[in-house]
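Given next are the chains, with one letter for each unit.
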Amino acid sequence: MNSYDHSSIEAKWQKQWDDAGIFKTNQNPTDKMYILVEFPYPSGNLHVGHWYAFAVTDIFARYMHHVGKDVFFPFGFDSFGLPAENAAIKRGLNPKDWTYSNIAHMQKQVKSMGTMIDWSTQVATSDPEYYRWTQWLFLQFYKKGLVTHEQSHVNWCPSCKTVLANEQLEAGLCERCSSVVEQKVMMQWNIKITQYADRLIDDLDDVAWPTHIKESQKNWIGRSHGTFFTFDIKDAEENIKVFTTRPDTFMGVTYVVIAPEHELIQELKSTISNWNEVEEYIERTNQKTNLDRQTNKQKTGVQLNGIKAIHPATKQEIPIFISDYVLASYGTGCVMAVPAHDERDFEFATLYNLPIVQVVEPAITSNTPSIINKKPYLDLSGHLINSGEFDSLPVSEAQEIITTRYGTKTTTYKLQDWSVSRQRYWGCPIPMIHCASCGVVPVPEQDLPVRLPDMDKIEIRDDGKSPLAHNTEWVTTTCPACGGSAQRETDTLDTFVDSSWYYMRYTDPVNESEFASADALRTFMPIDFYSGGSEHTNRHLLYARFFFKVMYDLGLVTQTEPFITRNNRGLILGPDGEKMSKSKGNVIDPDSVVETVGSDVVRSYLAFMGPYGEAGNYPWDPNGVVGIRRFFERVFALASRAGQNDSQQSLVALHTMLSKIHYDFEQLKFNTALSKLMICLNELEKHECSVKTLSQFLIPLNVFAPHVAQEIWEMIGFSGFVYHQKFPVADLGVLEGQSFKIMIQINGKTRFSHETSNSLSEADVLECIGGTDEYKKWVGDKKIIKTIYVKDRLLNIVVSE
RNA sequence: GCCGGGGUGGCGGAAUUGGUAGACGCGCACGACUCAAAAUCGUGUAUCGCAAGGUGUGCGGGUUCGACUCCCGCCCUCGGCACCA
């Protein structure tokens, strides 16, 4: 009896595929397709999400392989990062040993998926052979002037004891440990991603990504067009530069507000008469966390006594305030307040009894009353009032004229520069040297990599420094410029730097003289399909695009976008419909499911849960898994009784499936692709089915269930690997002459149908159905007003009632 | 508040883009096999109705011979951003 013993089948075929090396990448592809999945962090254990990422993408990769693409499907590990270091601190483990034993274990787990991954491509970002090139790229960025080392306002996680990028915050909390993040000023290495803000937005036009991903990135970058105005300060040399998107409201400015952290305040210290009060407010602001500032939106502030700003147009003196509702990091850090037309300014003005001057009269439209009822309102279709010479100008015209007269056109972004310094050990050392006489000196390229030293004890102190700082032997070095004694930089790079270029290293993973050869890059880049998690939309995906653009400018790559298409995966939820978590006890362990029902079942079930391209979150149904298992068992059962002949129905079933299934794969609808195989099997079971027909069925099945397909392939007497088979082409001749139904509608409602095997004209259909009882019942002697005929699909007869 | 997705049986989801709503799978019910149960196989399964037939894709309108699909107005829900001037 041919039963489905998944364990032995999987072990058997995985070994044979491996021994035969059938998944080796074709280095001279004629029709290349680079399929990439975000590489995992080697946490130590594979979860269902990893399966959903790699096994289901493997289904897509295998489909592409069978239809003739030269698929490149690599794999690696994003192996620097905090968990290794935390394991070291908590449990006294060596971060390197911990990481590499996890990698070894996870590799085995991934191999159990039975994917067509080419393992010879594997990279790990913590390998010196890899991070050598991370450092090299960092130095190229530095030479291009894109790297700065400066005092910066940073997000500090007191629990992780390291700096976080804005992208690593979630509602003011550390994304990793949910600690309340503090604000600090520290010397930091920053990369000037803001210089690429425009291109990062504009080039989105060139990629075929889902709209929501593009929109999210645009939002994150937050480009807005507006005007700078400069307000002089009476009897002082300094002035206040503000940014606004509503220059038309310029004549309604009744005061200005400066962010408390703004350096201008310090410069004005001697002229401010209530300095004590001001200083106290600044102190209070500095102690506030981002979270406080975001949740407690009650307006507070302090007027700067003794100084006044001068309105550039009216020359009137207006008060100056500091308030934490103005952010230092956005625009100029100063705003002109127009309480009549801005909610926040309105609130503040009401609190401090400041004048409110309406300068825009809304246009009379149907929704005007609701605008006016709202105390401060914005109306872009109105005209100006109380604005002197600008009165009666429409808003858009006023914006132009006032900007030309008093201001400068400009563009600002929400995106901030990328802070890449991390005060932790297990990361890529920043290849910089601090010399007392020469300052910051980059490590010469021939000295790369700057190796991370092995350290017996990893200890995080409260000095805000990396554990590396306490390794004097490693820190002490000589200055490449003057030869004097110098210190190494002890911060390590944000791991998002490591992962910004790994997909290029895959193309040439063991190259010792370049990060990747131009030849390899030309052969495999760009990435045709990139699957990842939606949490990376505004982080990895943005950083990687930025990296690639800089590399383009450096002449290192020839394209401007690395990822042609992008697919954000959804989440696999627990059987209870909730996100899997240990505390909820709803975690599915893929290893144990694989053990009981087999790898092929898990792969296929994950594909069957729902469409892959829509980022839907699907609950894991243990019964659903059993359904897939039954399907494979039925294929085995069919195999044991397949003979030499086919009934016509079997051929029709096979070729119908073969003709329709491509559409599903192309739409990433692996769920409906698999359902077409099930429909086909349902038919083959009912009719006489030949070994040959079954063998053709096995090739699309191999995409989902490579072990099952291969085993049956052998069982029914075929040799070689199914992997080497081309996807069968549907024989449309078999499908010709099949009978089909033309539905008959009366007044748009389907009432009956007419079965035929020939293509019919409208008159033919009418003639065929004219004598039927159904026709007499629904049409009878009612008057036919008109008919609509969609050839061979439907005839709609409109009759009078 | 702003931006972007979604609302279809008991459940996951189909409907090739305006043409038979509910494919496929799960679950459930009944039947066969069995001493019995499981497994397996078969049949059925949106809903009201004995039936003829009616009603149904979040709600209310509209366009059309015909609407899950298009338009207008709501409601709910998920995700991202959020004092961004």
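What you see is a predicted model, and the numbers here were worked out from it, not measured in a lab. (Residues numbered from 1 in each chain as written. Chains lettered and ligands numbered in written order. Predicted model: local features only at pLDDT ≥ 70, side-chain atom pairs only at ≥ 80, totals over all residues. Heavy atoms only, no water.)

Novice: How do you make sense of the sheet that holds strand 25 (residues 439–442) when you look at a structure like this?
Specialist: Here we have 4 strands laid out as an open sheet, ordered 25-24-27-26, and antiparallel in their pairing. Sheet topology places strand 25 and strand 26 (476–478) at the edges, where each strand pairs with a single neighbour. In this sheet, adjacent strand axes meet at a mean angle of 45° when their direction is disregarded. In this sheet, strand 27 (residues 485–488) lies alongside strand 24 (residues 432–435) in antiparallel orientation, the contact comprising 3 bridges. Across the sheet, the residue bridging to Ile-433 is Arg-488, located in strand 27. (Pairing = 2+ DSSP bridges. Helix = DSSP H or I, 4+ residues; strand = E, 2+ residues; numbered from the N terminus. Axes fitted to C-alpha atoms, helices over the stretch in contact; angles between N-to-C directions.)

Novice: Explanation requested: the sheet that holds strand 33 (residues 740–746) in the structure shown.
Specialist: Hydrogen bonds along the backbone pair up the strands of a sheet, which may run parallel or antiparallel. Read across the sheet, 4 strands follow the order 34-33-36-35 without closing on themselves; strand pairing throughout is mixed. Looking along the sheet, the strands with just one partner apiece sit at the ends: strand 34 (749–756) and strand 35 (784–790). Mean inter-strand twist for the sheet, computed between neighbouring axes without regard to direction, equals 20°. Sheet analysis places strand 33 next to strand 34, joined by 7 bridges and oriented antiparallel. Along strand 34, the bridge assignment pairs Met-743 with Ser-753. This element, helix 27 (residues 762–770), spans strand 33, strand 34, strand 35 and strand 36 (794–799) of the sheet and lies at about 70° to strand 36. (Contact = heavy atoms within 4.5 Å.)

Novice: Can you help me understand the protein's contact with RNA strand B in this one?
Specialist: Taken together, the neighbourhood of RNA strand B is formed by 58 residues, with His-212, Lys-299, Arg-344, Lys-777 and Asn-796 sitting nearest. Close to the protein, within 4 Å, the atoms of RNA strand B are drawn from sugar and phosphate at a rate of 69%. A distance of 3.2 Å separates a phosphate oxygen of RNA strand B from a polar side-chain atom of Asn-671. In this structure, a base nitrogen belonging to RNA strand B sits 2.9 Å away from a side-chain N or O atom of Gln-745. When residues in the surface near RNA strand B are grouped by element, the largest group, 6 residues, is from helix 23 (residues 670–686). (Near = heavy atom within 4 Å. Polar contact = N/O pair within 3.5 Å; in protein donor to acceptor, adjacent residues only side chain to side chain.)

Novice: Hey, could you run me through the pairing of strand 27 in this one?
Specialist: When a strand is regular, its side chains alternate between the sheet's two faces. As defined by bridge partners, strand 26 adjoins strand 27 across 3 bridges and the pair is classed as antiparallel. The residue of strand 27 that forms the bridge with Thr-476 is Gln-487. Between the end of strand 26 and the start of strand 27, which pair antiparallel, lie 6 residues, with Gly-483 showing a positive phi angle near 80°.

Novice: I tried to follow the pairing of strand 5 (residues 147–157) on my own but got confused; where do I start?
Specialist: Where strand 5 meets strand 9 (residues 182–191), 10 bridges bridge the pair, whose relative direction is antiparallel. In the sheet register, Thr-148 faces strand 9, and the bridge partner there is Asn-190. One ladder, built from 3 bridges, connects strand 5 with strand 6 (residues 162–164); its direction is antiparallel. Looking at the pairing, Trp-156 lines up with Val-163 of strand 6. Taking the residues between adjacent antiparallel strands as the criterion, strand 5 and strand 6 are bridged by 4 residues, where Lys-161 takes a positive phi near 50°.

Novice: Help me understand the pattern of salt bridges, please; the structure alone is not making it clear to me.
Specialist: Pairing is possible between side chains that carry opposite charge, provided their charged atoms lie close to one another. Counted by the stated rule, this structure contains 32 salt bridges. The shortest N-O distance in the salt bridge between Glu-400 and Lys-409 comes to 3.5 Å. Given the relative accessible area of 43%, Glu-400 is considered partly exposed. The exposed category is assigned to Lys-409, whose relative accessible area is 61%. Overlapping salt bridges bring together Asp-203, Arg-545, Lys-549 and Glu-561 as one network. (Salt bridge = Lys/Arg side-chain N within 4 Å of Asp/Glu carboxyl O. Buried < 20%, exposed > 50% of the residue type's maximum accessible area, 1.4 Å probe, protein only.)

Novice: Would you mind going over a negative patch on the surface with me for this structure?
Specialist: A cluster of acidic residues, Glu-277, Glu-279, Glu-280 and Glu-283, forms a negative patch on the protein surface. Of note, Glu-283 is situated in helix 9 (residues 275–287). (Patch = residues over 30% accessible without salt bridge, like charges linked within 9 Å, V, L, I, M, F, W, Y side chains within 5 Å. Areas by Shrake-Rupley, 256 points an atom, 1.4 Å probe, with all protein chains shown as cover. Lys, Arg positive; Asp, Glu negative; His and termini not counted. Charge placed at Lys NZ, Arg CZ, Asp CG, Glu CD.)

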